[in-house]
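# Tertiary structure, described
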Amino acid sequence: MAAAALATLLLLQLFSVLLQYPSSVSSVGINYGQIANNLPAPENVIPLVKSVGATRLKLYDADPKVLRAFANTGVEFIVSIGNECLSKIRDPKQAKAWVKSNVQAYLPATKISCIAVGNEVLTFNDTSLSSNLLPAMQSVYGALVDLNLQNQVVVTTAHSLAVLQTSYPPSAGRFRQDLTGCITQILNFHMKTGSPFLINAYPYFAYKANPKQVSLDFVLFQQNPGIVDPVSNLHYDNMLFAQIDAVHSALECLGFKKVCVQISETGWPSKGDADEAGATPENAKKYNGNLLKLISDKKGTPMRPNTDLNIYVFALFNENMKPGPTSERNYGLFKPDGSPAYYLGFKGADFTSANSSSSSGGGSGSGVASTGPPLTSSPPASSSTGYLSITSDAVKHIGNGNPWLLCLLILLVTNSL
């Protein structure tokens, strides 16, 4: 009897672990960056993507090797046009040539559903770059119309959360005043074409900037008292949902409540330098494991409870050639040899004899300079394209002196002790 009881207990414990970290999560999206010289060839990545249960991948370019390898797999792609190409792509002829070569040439075998034009352009504080963004998006969309592809492929651009002037409480989310005009035009484009508004959101940066004030449980989706928005009276038990709803509020304030919000990047590093608080395998496991569970549960945010989360996790692999602090090279769910960077229930794969990719993939695309809430507009210093670094000085000004946020975060830490 005792042995049977023990066996039952062990089975229950195993079952609880499997529930916490599902081996397959439906409709998950993953960013497939390639700033590395030791990644497996794209055809060898397919079984790894399948083992994760991923059905969507986001590239930082339109790597032909990847697009050819994934033909007839059913995996859906976002391909990207780098910031450095915007001045050229705004020319309708150049845009049409790009779409023919990088999208139409792979359809329908490879399922390309979206083109991301530039990345975090508006927060580089580069007037010439910003002025090229919408015209480039319009030219790319015009090319899709000319090629009769507008019903298969949408056009968008990804923004840093730093486009927000305020983000707490979530109901007070507002765009930066100096960006409102440009963002309004982009939102009109989204409404006209039916494309989503993409945001890169990293609660990790909020914790890294203020580890003594920001509750780790709050950013890792762990059990915690949470916060209550005093205006909407909605309860938030994690920072990512608060960030997403701050974007919803900002959109609604400008009259664009119906524009769909998608999270084009979010993640947590499994390794960092001595001054990078929280960058550990344990925390990365909790963040991404809990995030994948939320996605599989089809749980919406407090402001949009009936809307499925549409999130792309950053990233598929650790990328050894990314500059910056150690964390930059350790956001991957997997190591280059195909083994998990930390256990999430994925099988992984052995690619030790198949490492053949170079840094020519995502490195030429656009990127991931992101911040936690709230936000300033400091651009990343290390890259003209944005993808080479995801660390931003903006998080140093977390709260912009907002006493509401600071007090709540202190209360969260106190209550967790």
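Here the residue index of a chain counts from 1 through its sequence in written order. Owing to the predicted nature of the model, reporting of local features is limited to residues with pLDDT of at least 70; listing and counting of side-chain atom pairs is limited to 80 or more, with chain, interface and lining totals taken over all residues. Calculation of side-chain values draws on the structure's entire complement of heavy atoms; hydrogens and water are dropped beforehand.

Side-chain atoms within 4.5 Å are what join buried Ala, Val, Leu, Ile, Met, Phe, Trp, Tyr and Cys residues into a set we call a nonpolar core. Any residue under 20% of the maximum accessible area for its type is buried, any over 50% is exposed, and the rest in between are partly exposed; the area is computed with a 1.4 Å probe on protein chains only. Ranked by internal contacts, the top residues of the largest apolar core, which has 110 residues, are Phe70, Val99, Ile115 and Val117. The contact definition used throughout considers only heavy atoms, calling two residues in contact when any of these lie within 4.5 Å. The residues touching valine 117, leaving out its near neighbours within four places in the chain, are Ile81, Leu86, Leu133, Ala136, Met137, Val140, Val155, Thr156 and Thr157.

Let's shift gears to the sheet that holds strand 13 (residues 311–313). If DSSP finds at least two bridges between two strands, the strands pair. Put simply, DSSP H or I for four residues or longer makes a helix, DSSP E for two residues or longer makes a strand, and each gets a number counted from the N terminus. Around the barrel, which closes on itself, the eight strands sit in the order 1-3-4-5-6-9-12-13 with parallel pairing between neighbours. This sheet shows a mean twist of 30° between the axes of neighbouring strands, independent of strand direction. Pairing between strand 4 (residues 76–81) and strand 5 (residues 111–119): six bridges, direction parallel. By the bridge assignment, valine 79 is partnered in strand 5 with isoleucine 115. On the sheet, helix 10 (residues 239–253) packs against strand 9 (197–200), strand 12 (261–266) and strand 13 and is oriented at approximately 140° with respect to strand 12. The axes are straight lines fitted to the C-alpha atoms, using for helices just the contacting stretch, and the angles between their N-to-C directions are given from 0 to 180°. Each of strand 1 (28–31), strand 12 and strand 13 touches helix 11 (residues 281–296); the most contacted strand, strand 13, lies at about 150° to it.

Now for unusual backbone geometry. Of note, the amide linkage connecting leucine 107 to proline 108 takes the cis form, showing an omega dihedral of 0°. By the element assignment, proline 108 lies in the loop between helix 5 (92–102) and strand 5. Cis geometry is adopted by the peptide bond preceding alanine 315, which originates at phenylalanine 314 and carries an omega value of 10°. With respect to the secondary-structure elements, alanine 315 resides in the loop between strand 13 and strand 14 (355–357). Positive phi outside glycine occurs at glutamate 120, with the angle close to 55°. Following the sequence through the fold, glutamate 120 ends up in the loop between strand 5 and helix 6 (127–146). Assessed through its relative accessible area of 1%, glutamate 120 is described here as buried. Of note in this structure, phenylalanine 221 is not a glycine but carries a positive phi near 65°. Inspection of the secondary structure assignment puts phenylalanine 221 in the loop between helix 9 (216–219) and strand 10 (227–228). The exposure class assigned to phenylalanine 221 is buried, which follows from its relative accessible area of 13%.

Turning next to the environment of aspartate 63. By secondary structure assignment, the location of aspartate 63 is in the loop between strand 3 (54–58) and helix 3 (64–69). In this structure the C-alpha to C-alpha distance between aspartate 63 and proline 42, which are 21 residues apart in sequence, comes to 9.8 Å. Think of a polar contact as two N or O atoms within 3.5 Å of one another; within protein, one of them needs to be a possible hydrogen donor and the other a possible acceptor, and neighboring residues in sequence only count if both atoms come from side chains. Reaching out from aspartate 63, the side chain makes a polar contact with the side chain of glutamine 34 at a distance of 3.1 Å.

As a further point, take the packing of aromatic side chains. Ring geometry is summarised as follows: Phe, Tyr and Trp rings, the Trp one being its six-membered ring, pair when their centres sit within 6.5 Å, and such pairs are stacked at plane angles under 30 degrees, edge-to-face over 60 and tilted between the two. Evaluation of the coordinates by the stated rule reveals 15 aromatic pairs. On the basis of an interplanar angle of 85° and a centroid distance of 6.0 Å, the ring pair of tyrosine 141 and phenylalanine 189 is categorised as edge-to-face. You can see tyrosine 141 sitting in helix 6 and its partner phenylalanine 189 sitting in helix 7 (residues 180–193), a full 48 residues away along the chain. The burial state of tyrosine 141 is the same as that of phenylalanine 189; both residues are buried. Taken together, a centroid distance of 5.9 Å and an interplanar angle of 70° make the contact between phenylalanine 175 and phenylalanine 197 edge-to-face. Taken together, the residues span a long stretch of sequence, with phenylalanine 175 in strand 8 (residues 174–175) and phenylalanine 197 in strand 9 at a distance of 22 residues. In this structure, phenylalanine 175 and phenylalanine 197 share a single accessibility class: buried. Ring pairing ties together the aromatic residues Tyr60, Tyr202, Tyr204, Phe205, Tyr207, Phe221, Trp268, Tyr287, Phe314 and Tyr331, which thus form one cluster.

Further remarks concern the confidence of the model for the protein. Scored from 0 to 100, pLDDT records how confident the predictor is in each individual residue. Of the residues in the protein, 76% reach a pLDDT of 70 or more, and the chain-wide mean stands at 83. Here residues 1–26 is modelled with pLDDT under 50, and outside its nearest four sequence neighbours on either side it reaches 23 contacts, counting other chains as well. Per-residue pLDDT stays below 50 along residues 353–417; that stretch engages in 208 contacts with residues further than four places along the chain or on separate chains.

What follows is about helix 7. In a regular helix each residue adds 1.5 Å, so 14 residues correspond to 20 Å; helix 7 covers 20 Å between its end C-alpha atoms and thus fits that length. Listed in full, the buried residues belonging to helix 7 are Ile183, Ile186, Leu187, Phe189, His190 and Thr193. All buried residues of helix 7 fall inside an arc of 155° around its axis, so they share one side. Its buried side turned inward, helix 7 meets helix 6, strand 6 (154–160), strand 8, strand 9 and helix 10. Here, expected helix span is obtained from the residue count minus one, scaled by 1.5 Å. The arc refers to the directions leading from the helix axis to the C-beta atoms.

Here the idea is simple: oppositely charged side chains can pair when their charged atoms come close. Each reported salt bridge corresponds to a side-chain nitrogen of Lys or Arg within 4 Å of a carboxyl oxygen of Asp or Glu. With the rule as written, the count across this model stands at five salt bridges. Arginine 176 is the partner of aspartate 178 in a salt bridge, and the nearest nitrogen-oxygen pair spans 2.5 Å. Note on arginine 176: relative accessible area 5%, which makes it buried. Between aspartate 297 and lysine 293 there is a salt bridge whose closest N-O contact spans 3.1 Å. Of the residues examined, aspartate 297 reaches a relative accessible area of 45% and is grouped as partly exposed. Residue lysine 293 is classed as partly exposed on the basis of its relative accessible area of 31%.

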